Amino acid sequence: MKRWGLLGVVLLLLNGCSHLKPSKVKPWERGTMAREDMALVSNPVQNGLDEHIYFSKEAASGGSGVGGGGCGCN
Amino acid sequence: MQLNRRLILAVGSLLATTSGVVQAADWAVDSSVLFYAEKDSQHQDRVSLAEPVLSITKNNAPDDYLNVTLVYDTLTGASPNGAYASSRTQTFTSPSGGSGYTVAPGYTPLDPSFKDSRTALSLSWMTPFSRESRYLAGLNFSSESDYTSLSGNYSFLNDFNNKQTTLTMGLAYSYDAINPHGGFQTPLSSISNNQSQSQAQPVTTTSASGNGAEGGGGTSFSLFDGKIKTTFDAILGVSHVLNRYTLLSFNYGISEVDGYQTDPYKIVPIYDAGGFPVDYVNEKRPGSRLKQTLKADIVTAIGKDSLHLSYRYFWDDWGIQANTYDIKYHLRLGESFYAEPHYRYSHQTEANFYVLGLSSAQAVPSYASSDLRLANMVTMTAGGMFGWKVSSDTTFTLNLEKMQQSGNSSPSSAVGDQRKHDMFPTVTATMVTLGVRTLF
């Protein structure tokens, strides 16, 4: 429950900052979105390494995957 | 899994496509090396790994590219064999084909002969169909001394709503062959009956269902000898540019795994009324598994920084459910440096055939595994990345993280001697990644 509470606080703060208000975005208004750090996966190689570790060490997987094909580690 | 990752990369490219602000470089080369080492709360060193990665991307346009990624990893060290700590000395023959080993009282048994290397090659490309649609395809191959995998994936992406919304539909299929050192052993039979490597018969290739005879096994003659595991993945995703600062993404994934899913190196203890192990049997897992995931991501800009939040719910028909939360903050430090603190929390419930051990008085069940990765468990990861943009086309990164896995050290099912020992030693892993990204 604590984790949900923390997430809720973060989302409320974002909402207060208008970050969760839908609006039309023209192509020329997407400069911020084009930043490298705004990608869903901003560092694919590091993400692949992390997901490979989680896949090897946990029963749950998927959603963001592992890089470089299959693995006999799990 | 590969499919899902490619999907996210594909959705991410939507932004650059529509911005018209950033012109992608022709070539991008990412090279990294990961160092990973584990230790448990009983001060036993476990697995260590070194994993170099080389990823080369040729960009023709933001949604028209080709990527080749090569991964090599080498693992050594000791891995839990499934047995638990006892007040008595425990002796094992190694199912991985090595010589036997002895474990002192009070320690969780680890098979010290764990050693393997893996080479993986991935090829993926994205090609536009029109201004609003494109496809992403990929081929992946990986090879270990006892495991080979070949997979392919295809996703179709279509933009709507003046390119503020993207719908993605994807499919993937993988064909894996397992050929363990020491051969396949009879599941749920005593390890004292296991054939040694020198006695093993040449392995027999089974059908894709993988549920043929479980005995035999041994020498590998080709990459796809052994028992087969197939995985069929499907995914449906939608991403939406909510406003100038925020991107949302929702994915549903379903995965059907059929064939050999038993870990050939794991055993299950048989214990007496006092909780002392009197024998060990080879584990056995079901031959099919249906996995599903729901995942939500939000990325939002906060000035020159950005916040990444992620939540994933996982469930399968083995009885496992997992909730995973991930938070990362990209903190820009001037023009040349950045820091990315990261925290991940994941809790999973145990598989319905997970057991600490089997009582010698009970009937042998259809399936049983004592692999702690199938137990009720919490994994926490904390750390972060530090980046240094040396020039407009070269960035160095250092990623430092600690991961801790903990479970129930004193389960209610423990009896007798089991209550005197830690049934789930906490494992702490240290991960260090050095990376460099170069644009040409």
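What counts, and where the lines are drawn
- Residues numbered from 1 in each chain as written.
- Chains lettered and ligands numbered in written order.
- Predicted model: local features only at pLDDT ≥ 70, side-chain atom pairs only at ≥ 80, totals over all residues.
- Heavy atoms only, no water.
- Helix = DSSP H or I, 4+ residues; strand = E, 2+ residues; numbered from the N terminus.
- Buried < 20%, exposed > 50% of the residue type's maximum accessible area, 1.4 Å probe, protein only.
- Areas by Shrake-Rupley, 256 points an atom, 1.4 Å probe, with all protein chains shown as cover.
- Phe/Tyr/Trp six-rings, centres within 6.5 Å; stacked < 30°, edge-to-face > 60°.
- pLDDT = per-residue confidence, 0-100.
- Contact = heavy atoms within 4.5 Å.
- Core = buried A, V, L, I, M, F, W, Y, C linked by side-chain atoms within 4.5 Å.
- Buried area = accessible area lost by both parts, 1.4 Å probe.
- Salt bridge = Lys/Arg side-chain N within 4 Å of Asp/Glu carboxyl O.
- Polar contact = N/O pair within 3.5 Å; in protein donor to acceptor, adjacent residues only side chain to side chain.
- Nonpolar A, V, L, I, M, F, W, Y, C, P; charged D, E, K, R; others polar.
- Pairing = 2+ DSSP bridges.
- 1 Å grid on protein atoms, 1.4 Å probe; cavity = no way out; pocket = protein on both sides within 12 Å on 5 of 7 lines; lining within 4 Å.
- Points joined across faces, edges and corners; volume = space filled by probe spheres on them.

## A short note on the overall build of chain A
Move 1: Counting its regular elements, chain A contains two helices and zero strands.
Move 2: Across the 74 residues that make up chain A, the buried fraction comes to 54%.
Move 3: Roughly 3,300 Å² of accessible area belongs to chain A as shown, and the carbon and sulfur atoms make up 65% of that amount.

## Things to note about the overall build of chain B
Move 1: When its secondary structure is counted, chain B shows one helix and 21 strands.
Move 2: Buried positions account for 54% of the 440 residues belonging to chain B.
Move 3: A total accessible area of about 18,000 Å² is found for chain B, and carbon and sulfur atoms account for 60% of it.

## Digging into the packing of aromatic side chains
For any pair of aromatic rings, the description rests on two quantities: the centre-to-centre distance and the angle between the ring planes.
Residues and elements named next belong to chain B.
Move 1: For the coordinates displayed, the defined rule picks out 13 aromatic pairs over all chains.
Move 2: Ring centres of F337 and W388 lie 6.1 Å apart, and the angle between their planes is 10 degrees; this geometry places the pair in the stacked category. Here F337, found in strand 17 (residues 337–348), pairs with W388, found in strand 19 (residues 377–391); they are 51 residues apart in sequence, far enough to count as distant.
Move 3: A relative accessible area of 34% places F337 in the partly exposed class.
Move 4: Judged by relative accessible area, W388 falls into the partly exposed class, the value being 41%.

## A few points about the confidence of the model for chain B
All names here are of chain B.
Move 1: Residues at a pLDDT of 70 or more form 87% of chain B, whose mean pLDDT is 89.
Move 2: Predicted confidence is poor over residues 12–22, with pLDDT under 50, and the contacts of this stretch with residues over four places away or in other chains come to 25 contacts.
Move 3: Segment residues 197–220 is flagged for pLDDT under 50; beyond a separation of four residues in sequence, or across chains, it makes 56 contacts in the model.

## Here's the deal with the nonpolar core
Move 1: One finds I53 of chain A together with L34, Y36, M403 and M431 of chain B to be the most contacted residues of the largest nonpolar core, which totals 15 residues.
Move 2: Secondary structure elements with two or more residues in this core: helix 2 (44–57) of chain A together with strand 1 (27–40), strand 2 (45–61), strand 3 (64–80) and strand 21 (427–439) of chain B.
Move 3: For this core, the element with the highest residue contribution is helix 2 of chain A, accounting for four residues.
Move 4: In this structure M403 of chain B touches I53, Y54 and K57 of chain A together with Y36, T379, M380, T381, V427, T428, A429 and M431 of chain B, once residues within four positions along its chain are discounted.
Move 5: The next biggest cluster of nonpolar side chains, apart from the first, holds 14 residues, and it includes F314, W318, F353 and M377 of chain B.

## A few points about the interface of chain B and chain A
Move 1: Taken together, the contact between chain B and chain A spans 89 residues of the former and 60 residues of the latter.
Move 2: Buried area between chain B and chain A, summed over both chains or domains, comes out near 6,400 Å², and the portion from carbon and sulfur atoms is 58%.
Move 3: Seen at the junction of chain B and chain A, the total is two salt bridges.
Move 4: For E58 of chain A, the salt bridge goes to R344 of chain B, with nearest N and O atoms at 3.0 Å.
Move 5: Our enumeration of links across chain B and chain A arrives at 27 residue pairs in polar contact (both at pLDDT 80 or more).
Move 6: Here the side of chain B that touches chain A gets 10 residues from one element, more than from any other, and that element is strand 14 (residues 288–302) of chain B.
Move 7: Looking at side-chain class alone, the side of chain B that touches chain A contains 34 nonpolar, 31 polar and 24 charged residues.

## As for the pairing of strand 8 (residues 147–160) of chain B
Regular strands place side chains that alternate from one sheet face to the opposite one.
Residue and element names in this part refer to chain B.
Move 1: One ladder, built from 12 bridges, connects strand 7 (residues 133–144) with strand 8; its direction is antiparallel. When the bridges of strand 8 are listed, S142 appears paired with S149.
Move 2: The turn linking strand 7 back onto strand 8 is made up of two residues.
Move 3: Between strand 8 and strand 9 (residues 165–178), which pair antiparallel in sequence order, lie four residues; one of them, N161, sits at a positive phi of approximately 55 degrees.

## Focus: the sheet that holds strand 18 (residues 358–359) of chain B
Move 1: Ordered in space as 13-12-18 (chain B), the three strands form an open sheet in which the pairing is mixed. Sheet topology places strand 13 (277–282) and strand 18 of chain B at the edges, where each strand pairs with a single neighbour.

## What about unusual backbone geometry?
Residue and element names in this part refer to chain B.
Move 1: Even without glycine at this site, K163 takes up a positive phi of about 65 degrees.
Move 2: For K163, a relative accessible area of 18% corresponds to the buried category.
Move 3: The phi dihedral of L188 falls on the positive side, at around 60 degrees, and the residue is not glycine.
Move 4: Among the secondary structure elements, L188 is positioned in the loop between strand 9 and strand 10 (227–241).

## Thoughts on the pairing of strand 14 of chain B
Residue and element names in this part refer to chain B.
Move 1: Note: strand 11 (residues 246–259) against strand 14, 13 bridges, orientation antiparallel. What sits directly across from E256, in strand 14, is L290.
Move 2: Pairing of strand 14 with strand 15 (residues 305–316) involves 12 bridges; the strand directions are antiparallel. Residue pairing across strands places T293 opposite F314, the latter belonging to strand 15.
Move 3: Between strand 14 and strand 15, which pair antiparallel and follow one another directly, the connecting turn spans two residues, one of which, G303, has a positive phi of 65 degrees.

## A word on empty space enclosed by the protein
Move 1: Under the definition given, this model contains five cavities of 30 Å³ or more.
Move 2: Roughly 510 Å³ of volume is contained in the largest cavity.
Move 3: Every residue lining the largest cavity is counted, 29 residues in all, and those nearest its centre are N47 and E51 of chain A together with D326, K328 and H342 of chain B.
Move 4: For the lining of the largest cavity, the elements supplying multiple residues, two or more each, are helix 2 of chain A together with strand 14, strand 15, strand 16 (321–333), strand 17, strand 19 and strand 20 (394–407) of chain B.
Move 5: Residue composition of the lining of the largest cavity, grouped by class: eight nonpolar, 11 polar and 10 charged.
Move 6: For the second largest cavity, the calculated volume is near 80 Å³.
Move 7: Grouping the constituent residues of the lining of the second largest cavity by class yields nine nonpolar, three polar and one charged.

## Looking at the environment of H342 of chain B
Move 1: Topologically, H342 of chain B is positioned in strand 17.
Move 2: With 58 residues separating them in the primary sequence, H342 of chain B and L400 of chain B have C-alpha atoms 9.8 Å apart.
Move 3: Residues in contact with H342 of chain B, not counting those within four places in the same chain, are Y54 of chain A together with D326, I327, K328, T381, A382, G383, G384 and E401 of chain B.
Move 4: Side-chain polar atoms of H342 of chain B contact the side chain of D326 of chain B, separated by 3.0 Å.

## Let's talk about the side chain of S174 of chain B
Move 1: By the element assignment, S174 of chain B lies in strand 9.
Move 2: Assessed through its relative accessible area of 12%, S174 of chain B is described here as buried.

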